[in-house]
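Chain by chain, the residues run as shown.
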Amino acid sequence: MKKSFLAALMALAFTAGAQNLGNNLGIVPAPVSVKSAKGHITINSETSIIADSMTHPAVKFLNDFLKKNGFSNVIVNASTMGKKPTDVKNAIVLQTKTSLNLPSEGYELKISESQVLISGHGAGLFYGLMTFLQMVNLEKKGVATVQCATINDAPRFGYRGLHLDVSRHFFPPDFIKKYLDLMAIYKLNYFHWHLTDDQGWRLEIKKYPNFTKNGATRAQTKVGNFSGNNTDLFDNTEYSGFYTQEEVKDIVAYAAERYINVVPEIEMPGHSMAGVTAYPVMSCDPNKKYKVGETWGVYTDVYCPSDTTFHILGDVMDEVMDMFPCKYVHIGGDECPKDAWKQSAFCQQLIKDSLLRDEAGLQSYFIRRMERHLNKTGHKIIGWDEILEGGLAPNATVMSWRGEEGGIAAAQLNHDVIMTPGSGGLYLDHAQSKSEEEPLSIGGFAPLSKTYSYNPVPATLTADQQKHIIGVQGNVWTEYMATPEKVEYMVAPRILALSEVAWTPQSGKDYNDFSANRVPHQLRILETKGYNYRVPEPMGIADTTLRGESFTFDIQPSVEGAAVHYTIDGFTPRETDMAVKNKLKVTVPKGKQIELKTIVTTPGGKRSNVVKTVLDNK
Ligand code: ACM
């Protein structure tokens, strides 16, 4: 009875419609210029695929894509053909030898009904291919169509980073590769690998085996939020993991094939409980018993700035530089309490002898000494913005995380800066919504729109100083991410916003086009690739109270091919509830209130949080 009464309140209108990809044809990050044209090209077994540089990583990547998707086409070397590749009809041509004057990492992609031509040098060709693959519409195995267009593109910033903390939780090499795959799709080119911290040392060091023998295992792990309830509840379960040098080299090579540089981070002088547990001689009190951190936050036992410590860390860095070809090495530098140094007679004497002002000066002394070691081989250090305190090391690049102030100060001192402020939505461990259905996180609030709206170049800097903002990065601290699936949930879709902040000119950004047209398209792609992205709430409806009698909602799913289901009976909607086909009309009887609850359900079986809209006609 109740049901039919409620059903009578509602009328649904159907209109079918294909996903609107918008002016940017669904591509993320939005290219500098997109000119779409009528028509499409069909790729099938008849299509010639031609490259002028068979060893280019884009060729291997395209070959893997073809195999995976049922194409048997063999990529042909342009020099073995009797005619110019650009004269071949029904062809995909990858060309590095081009007379085009392309910017660094830039490319041109021309798709006509008879040919796909991707032109670029080095990374540019790879990015042209990445864009092209986002446009490929697979009809069935071995057959695809692609809309005609001309795209000219190049990145806004040279450093487009994504970080991953593998100390708080360890993620196996296969997942690191999946993470790199995700970065490659969105043209991110620096993977910041946070390899050591209080809760675990995760990198094999051959000369000092105790780093992984004693430093890679913690006896147990804190349960729940660090600052919330249950502060003394632990899981009573040993946790460990580390990467062998062979695994690291394999990952670095995998990254390089995707034009991704891997920046290793070895934290110092703070966040070093795992390090001092492995080698207490590196601490200010070698007789003390140390253990690998079992809870989160900041620990007061840190490395002592002694010759022994620098000797060991120098050796560690030598092995690190052998494993990682990247010009940057991240030495941490953040959140180093000075308690141990204040109590240490050695540190106090060192402050006097080296004419340092205080313990902040000692931190600066520490970083400068490490920088000298790394600069000797042409490497550059990156440090969190605390490395400004006590004086910046001469050639350091600053990662500004506590807001933008550190980055601004560093740029004013003519140092390079990577912006990664939590306040700018770049801490991807922050909550993505305020819904109670959101999983455990460190807190904060960084919805997709916030990450998207970030502009890394502060207006307070002069034009010359602004040139020192070399890029931007999203940080993924994993205290509350114990599984790869949770990492994926926290990273996607915000990685799409990050990529646009990092790549697209500020004037080309458009949140409406991004969220309504391109995110849904990309999430469908990510679903087919097996990423556990967060499903955004349905579009066209909000958690709010609306007053009135008669309502019409144009509710759209946030993922291409997904559905929106709803209830008005107070229960949580699921796939078995009524689906919104397009316009949803709800009429509320006089004196009554209806709770309209909507969710998105995706073809792969994922669900969004519930949106509750109170319709009040009292
Ligand atoms: C940081 O989030 N402690 C760099």
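All chains use their own residue numbering, which begins from 1 and follows the written sequence. Given that this is a predicted model, residues contribute local features only at a pLDDT of at least 70 and side-chain atom pairs are listed and counted only at 80 or more, while totals for whole chains, interfaces and linings are drawn from all residues. Neither water nor hydrogens contribute to the side-chain values; these are computed over all heavy atoms in the structure.

Right, let's talk about the overall build of the protein for a bit. Scanning the protein from terminus to terminus reveals 17 helices and 28 strands. Atoms considered for the radius of gyration are the C-alpha atoms alone. The globule rule reads 2.2 Å times the number of residues to the power 0.38. For the protein, whose C-alpha radius of gyration is 27 Å, the value lies close to the compact-globule estimate of 25 Å for 618 residues. Taking the principal axes of its C-alpha atoms as reference, the protein extends roughly 80 × 80 × 50 Å. Long-range contacts, defined as pairs at least 24 residues apart, comprise 72% of the intrachain contacts of the protein with a sequence gap of at least 6. Under the convention used here, a 1.4 Å probe and the Shrake-Rupley method define accessible areas, while residue burial counts only the protein chains that appear. For the protein, the accessible surface area stands at approximately 25300 Å², while carbon and sulfur atoms represent 51% of it. When the 64 basic and 67 acidic side-chain charges of the protein are each reduced to a single mean position, those positions are 5 Å apart. Comment: elements are numbered from the N terminus, with helices defined as DSSP H or I runs of at least four residues and strands as E runs of at least two. When checking whether two residues touch, look at their non-hydrogen atoms; a contact exists if any pair is within 4.5 Å. Positive: Lys, Arg. Negative: Asp, Glu. His and the chain ends are not part of the count. By convention, the charge on Lys lies at NZ, on Arg at CZ, on Asp at CG and on Glu at CD.

Each α-helix winds once per 3.6 residues, and so residues spaced three or four apart point in a common direction. With twelve residues, helix H6 (residues 245-256) should reach 16 Å at 1.5 Å per residue; the first-to-last C-alpha distance of 16 Å fits that figure. Accessible area is worked out with a 1.4 Å probe on protein chains only. A residue is then buried under 20% of its type maximum, exposed over 50%, and partly exposed in between. Those residues of H6 that fall on the buried side of the exposure criterion are Gln245, Val248, Ile251, Val252, Tyr254 and Ala255. Buried residues in H6 make contact with helix H4 (173-185), strand E11 (190-194), strand E16 (261-268) and helix H8 (307-323). A helix is expected to reach a length of 1.5 Å times the quantity of its residues less one.

So, on to helix H17 (residues 511-528). Between its first and last C-alpha, H17 extends 24 Å over 18 residues, near the 26 Å set by a 1.5 Å rise per residue. A residue's bend is the angle separating two fitted axes: one through the seven residues that end there, the other through the seven that start there. By the largest-angle criterion, Arg518 marks the main kink of H17, which is about 40°, and a proline, Pro520, follows within four residues. The buried count for H17 comes to 13 of 18 residues, which makes it a mostly enclosed element. N-cap assignment for H17: the residue whose side-chain oxygen lies 3.1 Å from the backbone N of Asn512 is Asp510. Looking one or two places after H17, you find Gly530, whose phi comes out positive at around 85°. Here a polar contact is taken to be a pair of N or O atoms separated by no more than 3.5 Å, where protein atoms must pair a possible hydrogen donor with a possible acceptor and residues adjacent in sequence count only if both atoms sit in side chains.

It is worth spelling out the packing of H8 against helix H11 (residues 359-375) at this point. Remark: H8 packs on H11, axes separated minimally by 10 Å, with the N-to-C direction vectors making an angle of 40°. The angle between H8 and H11 places the two elements in the oblique class. Of the two elements, H8 crosses H11, and the hand of that crossing is right-handed. Listed contacts from H11 to Asp307, Thr309, Phe310, Leu313, Gly314, Met317, Asp318 and Met321 of H8 are Tyr365, Phe366, Arg369, Met370, His373 and Leu374. Tallied by class, the residues present in the contact of H8 with H11 amount to eight nonpolar, three polar and three charged. A fitted line through C-alpha atoms represents every axis, and for helices the fit uses only the stretch in contact; the resulting angles, taken between N-to-C directions, go from 0 to 180 degrees. In this scheme, roughly parallel covers angles under 35 degrees and roughly antiparallel covers those over 145, while 65 to 115 is roughly perpendicular and the rest are oblique. Here is the rule for handedness: rotate from the far helix to the near one, and if that takes an anticlockwise turn smaller than a right angle the crossing is left-handed, while a clockwise turn gives right-handed. For this classification, Asp, Glu, Lys and Arg are treated as charged, while Ala, Val, Leu, Ile, Met, Phe, Trp, Tyr, Cys and Pro are nonpolar and the rest, including Gly, are polar.

Another aspect to go through is the packing of helix H10 (residues 345-353) against H11. Taken N-terminus to C-terminus, the directions of H10 and H11 make an angle of 85°; their axes are 10 Å apart at the nearest point. Between H10 and H11, the crossing angle belongs to the class labelled roughly perpendicular. Residue-level contacts link Cys347, Gln348, Leu350 and Ile351 of H10 to Glu359, Leu362 and Tyr365 of H11. Of the residues that constitute the contact of H10 with H11, the class distribution is five nonpolar, one polar and one charged.

Of all seven residues making up strand E10 (residues 159-165), seven are buried, and the element is well covered by its neighbours. For two strands to be treated as a pair, DSSP must find at least two bridges joining them. Sheet topology places E10 next to strand E21 (residues 469-474); four bridges connect them, and they run parallel. Considered in E21, the bridge of Arg160 is made with Val472. Pairing between E10 and E11: five bridges, direction parallel. Its bridge partner being in E11, Asp165 is matched across the sheet by His194. Every crossover in which the path from the first strand over the helix to the second runs clockwise, viewed with the strands pointing away from the viewer, is termed right-handed. Following the backbone out of E10, through H4 and into the adjacent parallel E11, one traces a crossover that is right-handed.

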